[in-house]
Amino acid sequence: MSIKTAGDRELVAAVYPFLQEQGFDQTAESFTSAEATFPDTIQVYHAEQQRLQDLAASLTTQFPSLSVTVHHLPNELWQNSWQRETGSFATEKFRVVWDGDPASLPVDDRMTFDLRDATAFGNGQHATTQACLEQLETYPGSRAQRFLDIGAGTGILAMAAHALGYGTIVATDIDEQAVVDSRMFFERYGVTGQVLQGTYPENRTPFDVICCNVLYPELEAITKRVPQYLKPGGLYFTAGLIAKDAPAFLHSCHKVGLRLVRQDECRHWLCLTLTAVK
């Protein structure tokens, strides 16, 4: 949704608290010039278009001078818009950097992944990546355990799994540039593992943990084969879907022997932890 403010200082100062009161605290801004202090346009992102339409009605009632437009974005464009807005982020154990100067970041115990030179789609900026990282870091691995990252992008989840102690690391992606990027970052951060082009490895030795951070409905198609590669009792972390898609996705999971263990949300995206029925 685009909110045109014309750079009006008082209007901007009033709109932001209103957005926060309505539960919309994730926004992006554009300015008329480099010297502008207040944005002439505020962008608001949400997975549910009805929520944005309701917000637009409330905004124009509260602030009649605003020009508010709700846009529908295809999944890929919407994800890229979120990427531009999300920025670098930190979880309990990791920091992911894709803009700015890493030297200016606070010094702490988090492991930092500098992904600024990533060129592949899915370069670690998206909210679903943060959600998957937050779930993954609650399940530290061991050297005997095997980890598979499907749709790896930069390989960020696979690198995190390596840092968390998993002994065998495999990352896959159908995109050739993603494979190049993942291999580059594996080398940079000392990750010993395989990066393969495709979806599933040819070797069917089962994994203890599988992560798949791709958009629905592609996510559902990939998930149908997950039990063939996951150990009984193994964990499957997945993101890339919103609330309205969850019932159909979970029904599909149930049919192939996957059961929900945990559900979290990060900026309107769901991140699910499932387990393979023993």
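Residues numbered from 1 in each chain as written. Predicted model: local features only at pLDDT ≥ 70, side-chain atom pairs only at ≥ 80, totals over all residues. Heavy atoms only, no water.

Draft legend 1. Spotlight on the overall build of the chain. In terms of helices and strands, the chain carries eight helices and 14 strands. Across the 278 residues in the chain, those meeting the buried criterion constitute 49%. Restricting the contact set of the chain to residue pairs at least 6 apart, pairs at least 24 apart contribute 64%. Just so you have it, the chain exposes about 13,100 Å², and 49% of that area is on carbon and sulfur atoms. (Helix = DSSP H or I, 4+ residues; strand = E, 2+ residues; numbered from the N terminus. Buried < 20%, exposed > 50% of the residue type's maximum accessible area, 1.4 Å probe, protein only. Contact = heavy atoms within 4.5 Å. Areas by Shrake-Rupley, 256 points an atom, 1.4 Å probe, with all protein chains shown as cover.)

Draft legend 2. Main features of the environment of Thr-112. Along the chain, Thr-112 falls in strand β7 (residues 111-114). Classification of Thr-112 by relative accessible area gives partly exposed; the value is 30%. Sequence separation between Thr-112 and Phe-94 is 18 residues; the distance between their C-alpha atoms is 5.8 Å. With residues near it in sequence (within four places) discarded, Thr-112 still touches Arg-95, Val-97 and Tyr-189.

Draft legend 3. Geometry of the packing of helix α4 (residues 127-136) against helix α5 (residues 156-163). At a minimum axis distance of 10 Å, the contact between α4 and α5 shows a crossing angle of 20°. For the element pair α4 / α5, the angle class is roughly parallel. Of the two elements, α4 crosses α5, and the hand of that crossing is right-handed. Every residue of α5 that contacts α4 at Thr-129, Cys-132, Leu-133 and Leu-136 is listed here: Ile-156, Leu-157, Ala-160 and Ala-161. (Axes fitted to C-alpha atoms, helices over the stretch in contact; angles between N-to-C directions. Parallel < 35°, antiparallel > 145°, perpendicular 65-115°, else oblique. Left-handed = near helix turned anticlockwise from the far one by under 90°.)

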